[in-house]
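# Understanding the architecture of this molecule
For reference, the chains in residue letters:
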Amino acid sequence: MTIKKVMVIGAGQMGSGIAQVCAQSGYDVLLNDVSEEAIQKGFGHIDKLLTKSVDKERISEQKKNDTLSRIQPTTDIQKVENCDMVIEAIVENMDVKTKVFRELDASAPSHAILATNTSSLPITEMAAATNRPDQIIGMHFMNPVPVMKLVEVIRGLQTSDETYQAVADMAKELSKTAVEVNDYPGFAANRILMPMINEAIYAVHEDVASVEDIDTVMKLGMNHPMGPLTLADFIGLDTCLYIMEVLHDGFGDSKYRPCPLLRKYVNAGWLGKKSGRGFYQYS
């Protein structure tokens, strides 16, 4: 199967990043969101990142203009009728996602692959909401999308080999490395990462060491580029809590129980960098 035209649903940080890398790699992109304001904000974010790349001489002005010219903003999801591929990057809520997948299934051409950028929700359940479960797949990009090389390609129970191969090939076209993962809670990346972050939060909660010292241990002792508590602040503590709850519910294992301190911070509105305060304070 040849993928030429892609619709990205959701113009937030992840969606705009996915749209950018697709357009930079030569795909025609429809960037969709529910409001014109959200789309323009996402498009502006792409323009800003590309301008920065031009200033740093990573790409030419011509490359920037060519990339932007391949992105068409739209609030009309029915335009999916002309697309070969959809990548959904909306809120991490199963009810909302399945509603969108039903709508896409009804409007997208029969050959189109429908992918989700979910970081933890079951692909098989989303596929069950459609009449093309063999063409539903997970395509979990890392944040920030233009920088991070990994893409988890997650097979649902009925995902076909043809669908998997088309998406793995596309990831390669995007200059990403595709890792094949099966459909379990948290997939591979978050099943490994989030319990580590959660355990670091337990270490703070139990006064094992300070926030700064725990991050220093992991940076200098384990050669991590960023400490787990700094990383949690960047991801968003509400997102960390949500993924831990998905793991805990999905496996029923107490080792995935979210730390009470994580829950307390989220309830206080301390969500990390985006709220100005998490384990660190941000101006």
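Residues numbered from 1 in each chain as written. Predicted model: local features only at pLDDT ≥ 70, side-chain atom pairs only at ≥ 80, totals over all residues. Heavy atoms only, no water.

## Here's the deal with a positive patch on the surface
On the surface, a cluster of positive charge is contributed by Lys48, Lys52, Lys56 and Arg58. Within the secondary structure, Lys56 is located in the loop between helix 2 (36-55) and helix 3 (61-69). (Patch = residues over 30% accessible without salt bridge, like charges linked within 9 Å, V, L, I, M, F, W, Y side chains within 5 Å. Areas by Shrake-Rupley, 256 points an atom, 1.4 Å probe, with all protein chains shown as cover. Salt bridge = Lys/Arg side-chain N within 4 Å of Asp/Glu carboxyl O. Lys, Arg positive; Asp, Glu negative; His and termini not counted. Charge placed at Lys NZ, Arg CZ, Asp CG, Glu CD. Helix = DSSP H or I, 4+ residues; strand = E, 2+ residues; numbered from the N terminus.)

## Re helix 2
Here helix 2 contains 20 residues, and its C-alpha end-to-end distance of 28 Å stays within 8% of the 28 Å for a straight helix at 1.5 Å per residue. Packed against the buried residues of helix 2 are helix 1 (13-24), strand 2 (28-32), helix 3 and strand 3 (71-74). Positive backbone phi, approximately 60 degrees, marks Glu57, located one or two places after helix 2. (Expected span 1.5 Å × (residues − 1). Contact = heavy atoms within 4.5 Å.)

## Examining the UniProt feature "binding site: NAD(+)" (unreviewed entry) in the protein
This chain's UniProt record puts "binding site: NAD(+)" (unreviewed entry) on Gly10, Ala11, Gly12, Gln13, Met14, Gly15, Asp33, Glu92, Lys97, Ser119, Asn143 and Lys274. Sequence-wise these annotated residues cover 265 residues; spatially they are dispersed, their C-alpha atoms as much as 23.6 Å apart. Residue placement: Gly12 occurs in the loop between strand 1 (5-9) and helix 1. (UniProt positions renumbered as here; feature names shortened; annotations may be inferred.)

## Description of the environment of Ala128
Checked against the element boundaries, Ala128 lands in the loop between helix 5 (123-127) and strand 6 (136-141). Using a relative accessible area of 63% as the deciding quantity, one classes Ala128 as exposed. Sequence separation between Ala128 and Arg102 is 26 residues; the distance between their C-alpha atoms is 9.5 Å. (Buried < 20%, exposed > 50% of the residue type's maximum accessible area, 1.4 Å probe, protein only.)

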